[in-house]
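Structural overview for review
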Amino acid sequence: MNTAANPILGKVIQKMSSLKGARVKIVRRLGLNVFNLPKANKGMKKGAARSDKKLSTYGEQLLEKQRLRAYYQVPENQLKGYFDKARKSKEQTGHALVKLLETRLDNMVYRAGFASSIRQARQMVVHGHILVNGKKVDRPSFQVQVGDELTLKEKSRSNDMFKDNFAVGGNSPYPYISKDENKFSAKLVKMPEREEVPIEIQDVFVVEYYSH
């Protein structure tokens, strides 16, 4: 990652795994509520976000790339790897990139409502709480395929936090995910269309950033 042109933003992104207070600062610096924090939009000062400043073309591309990283909370080398894979797709590269990120196991666990954040979803996956088609998968980057069923491990269903998360989520608001609350399961029923993915990113800027 080239942060020489934007050292402040680079330092902010590196703190992504810190406490909530730092995450609010990231949201305000990026000018976008990438963590879906309820109170993050409050107190945003005009001029504090990078998007409030006059940016060069490269600066706009870098900002969108950083926003995309923050949404899915993936390391730079992984994001670049996803871009290289997306570039080989027959789809628009930006759309293919978003779909690859959206169907990561940790993100699917989050979207399905098993977890209240991607960070929590990632911990659930790593600690073996999630089954994919009945088998334990502990890799957050595992690529979920259409038809794959995610299930909360039976022993984990007594965890009040997991139960509450799944119940509060109700029916999936995403047309590409179906849920069965009785079975503590969710299924990827189709690949998401780009317009169905709830992230505010200008894909083309990300593609341009990596195409230099």
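The structure this text deals with has already been given above.
Only a predicted model underlies this, so the values are computations on that prediction, with no experimental measurement involved.

**Remarks on the overall build of the chain**
Within the chain one finds nine helices and five strands. Element order for the chain, N to C, with α for helix and β for strand: α-α-α-α-α-α-α-β-β-β-α-β-β-α. Long-range contacts, defined as pairs at least 24 residues apart, comprise 54% of the intrachain contacts of the chain with a sequence gap of at least 6. In the structure as shown, the chain presents an accessible area of about 11100 Å², 49% of it carried by carbon and sulfur atoms.

**What to know about the environment of G147**
Along the chain, G147 turns up in the loop between β2 (135-136) and β3 (149-152). We classify G147 as partly exposed; its relative accessible area is 40%. G147 sits 43 residues away from K190 along the chain, and the two C-alpha atoms are 7.4 Å apart. Ignoring sequence-local partners within four residues, the contact set of G147 consists of N133, K187 and L188.

**Some details on unusual backbone geometry**
Of note in the backbone geometry, Q73 takes a positive phi value of approximately 55° without being a glycine. For Q73, the location among the structural elements is in the loop between α3 (57-72) and α4 (76-87). Judged by its relative accessible area of 11%, Q73 falls in the buried class. Positive phi is not limited to glycine here, since F184 has a value of about 55°. For F184, the position within the fold is in the loop between β4 (177-180) and β5 (185-188). Judged by its relative accessible area of 16%, F184 is buried.

**What about the nonpolar core?**
L68, Y72, L105, V109, F114, I130 and L150 are the most contacted members of the largest nonpolar core, which totals 58 residues. The residues touching L105, leaving out its near neighbours within four places in the chain, are V125, I130, V132, V137, R139, P140, F142, V144 and L150.

**Some remarks on the pairing of β4**
Taking every second residue as pointing to the same face, the buried face of β4 carries I177 and K179, while none of S178 and D180 on the other face is buried. Judged from the four bridges that link them, β4 and β5 form a sheet pairing that is antiparallel. Looking at β5, one finds that S178 is bridged to K187. Linkage of β4 to β5, two consecutive antiparallel strands, is achieved through a turn of four residues, within which F184 is found at a positive phi near 55°.

**Quick word on α4**
Between its first and last C-alpha, α4 extends 17 Å over twelve residues, near the 16 Å set by a 1.5 Å rise per residue. Looking at the buried residues of α4, the elements they touch are α3, α5 (93-102) and α9 (203-210).

**Re the pattern of salt bridges**
Going through the model one piece at a time under the given rule, you end up with eleven salt bridges. Of the charged contacts, one joins E64 and R67 as a salt bridge, the two residues approaching to 2.7 Å between their closest N and O atoms. Here E64 pairs with R67, and both are found in helix α3, just three residues apart, close to one helical turn. Note that D84 and R87 form a salt bridge whose closest N and O atoms lie 3.4 Å from each other. With D84 and R87 both in helix α4, this residue pair falls three residues apart, about one helical turn. Judged by relative accessible area, which is 49%, R87 ranks as partly exposed.

The rules we used
- Residues numbered from 1 in each chain as written.
- Predicted model: local features only at pLDDT ≥ 70, side-chain atom pairs only at ≥ 80, totals over all residues.
- Heavy atoms only, no water.
- Helix = DSSP H or I, 4+ residues; strand = E, 2+ residues; numbered from the N terminus.
- Contact = heavy atoms within 4.5 Å.
- Areas by Shrake-Rupley, 256 points an atom, 1.4 Å probe, with all protein chains shown as cover.
- Buried < 20%, exposed > 50% of the residue type's maximum accessible area, 1.4 Å probe, protein only.
- Core = buried A, V, L, I, M, F, W, Y, C linked by side-chain atoms within 4.5 Å.
- Pairing = 2+ DSSP bridges.
- Expected span 1.5 Å × (residues − 1).
- Salt bridge = Lys/Arg side-chain N within 4 Å of Asp/Glu carboxyl O.

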